[in-house]
Amino acid sequence: VWAPGEGPVSLPDNLGTPLFGEDGFQSFQIQVHYNNPQLVEGIIDSSGVRVYWTAQPRDQQVGILTVGDPNVSLFGQPVGDGYTMHSFECPGTCSELTGQSVTVLREYLHMHETGARMTNEQIRDGQVIRQAAIDYWEFHQNGNAAVQQDPYTVQPGDGFKTSCYYNGEGRVFGLGSSEEMCMAFLYYYPRVKIQIQELNLEVP
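Remember, predicted model here, so these are calculated numbers, not experimental data.

S.K.: Lay out the pattern of salt bridges with the relevant residues and their values.
M.R.: Under the definition given, this model contains 4 salt bridges. Between E113 and R171 there is a salt bridge whose closest N-O contact spans 3.5 Å. Pair noted here: E113 is in the loop between β5 (102-110) and β6 (115-124) and R171 is in the loop between β10 (159-168) and β11 (183-189), with a separation of 58 residues, a long-range link. You can call E113 partly exposed: its relative accessible area is 29%. Residue R171 is classed as partly exposed on the basis of its relative accessible area of 22%. The shortest N-O distance in the salt bridge between D135 and R117 comes to 2.9 Å. With D135 in the loop between β7 (127-134) and α2 (139-142) and R117 in strand β6, the pair connects residues that are 18 residues apart, well separated along the chain. A residue is classified by how much of its surface remains accessible, and D135, at 40% relative accessible area, is partly exposed. Classification of R117 as partly exposed rests on a relative accessible area of 24%.

And the structure:
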């Protein structure tokens, strides 16, 4: 996932994602969202994507766990006017099926233009043990913001509470930049299958 403010991403040399085979990516689909609210004509996009790959397997495979509202379940619903907050909880069942601890090496927080602040709390045994936060949100600078922190461990049974604070009027949840989202992307290893059970704890 790319958003304004995001630079190139390079994994450590011992980590990668599988291509082909029974458990690898079989193909790539590139989806580009354009935002031209003033309908300016004659704009040409010359951007592209460069993917590097090797036939040498890496020591560990990387997976991506998305928490918050990964499916935009509030699609079309109003965000609320003025300063509002929406929270989403991924309970401990979203990680207990891993059967092992995993290490999160990068954590991206993601909202759109009316985002003001965002947090993602890691919860273990009912207690918050870690919080990632972007306290001053500017979409065009950090639309997909990597939290500046050391890698951390997620144990089976850990949950997450993702909270997004907005400041604007007339917005709804959706896929466009003029609409809103609330999600966090956790790049972790070793890659295991994690089942997501999201619970919306919306606070207008």
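Still more to cover.
S.K.: Pulling in residues and values, what's your account of the nonpolar core?
M.R.: Membership of the largest hydrophobic core comes to 38 residues, with the highest contact counts inside it found for L109, W137, F160 and Y166. Secondary-structure elements contributing two or more residues to this core are β3 (63-68), β4 (82-90), β5, β7, β9 (152-154), β10 and β11. With 6 residues, β11 is the single largest residue contributor to this core.

S.K.: Which residues make up a nonpolar patch on the surface, and what are the values?
M.R.: Judged by side-chain polarity, F25, F28, I30, V32, Y34, V49 and V51 come together as a nonpolar surface patch covering roughly 790 Å² of accessible area. Here V51 shows up in the loop between β1 (15-16) and β2 (60-61).

S.K.: Explain the packing of aromatic side chains to me, using residue names and the numbers behind them.
M.R.: Here the structure, examined in full by the defined rule, presents 3 aromatic pairs. Over the ring of Y165 we find R117; its NZ or CZ atom is 5.3 Å from the centre of that ring. If you follow R130 out to its NZ or CZ, it ends over the ring of Y152, 3.6 Å from the centre.

The rules behind each value
- Residues numbered from 1 in each chain as written.
- Predicted model: local features only at pLDDT ≥ 70, side-chain atom pairs only at ≥ 80, totals over all residues.
- Heavy atoms only, no water.
- Salt bridge = Lys/Arg side-chain N within 4 Å of Asp/Glu carboxyl O.
- Helix = DSSP H or I, 4+ residues; strand = E, 2+ residues; numbered from the N terminus.
- Buried < 20%, exposed > 50% of the residue type's maximum accessible area, 1.4 Å probe, protein only.
- Core = buried A, V, L, I, M, F, W, Y, C linked by side-chain atoms within 4.5 Å.
- Patch = residues over 30% accessible without salt bridge, like charges linked within 9 Å, V, L, I, M, F, W, Y side chains within 5 Å.
- Areas by Shrake-Rupley, 256 points an atom, 1.4 Å probe, with all protein chains shown as cover.
- Phe/Tyr/Trp six-rings, centres within 6.5 Å; stacked < 30°, edge-to-face > 60°.
- Lys NZ or Arg CZ within 6 Å of the ring centre and 35° of its normal.

All we've got here are geometric facts, nothing functional implied.
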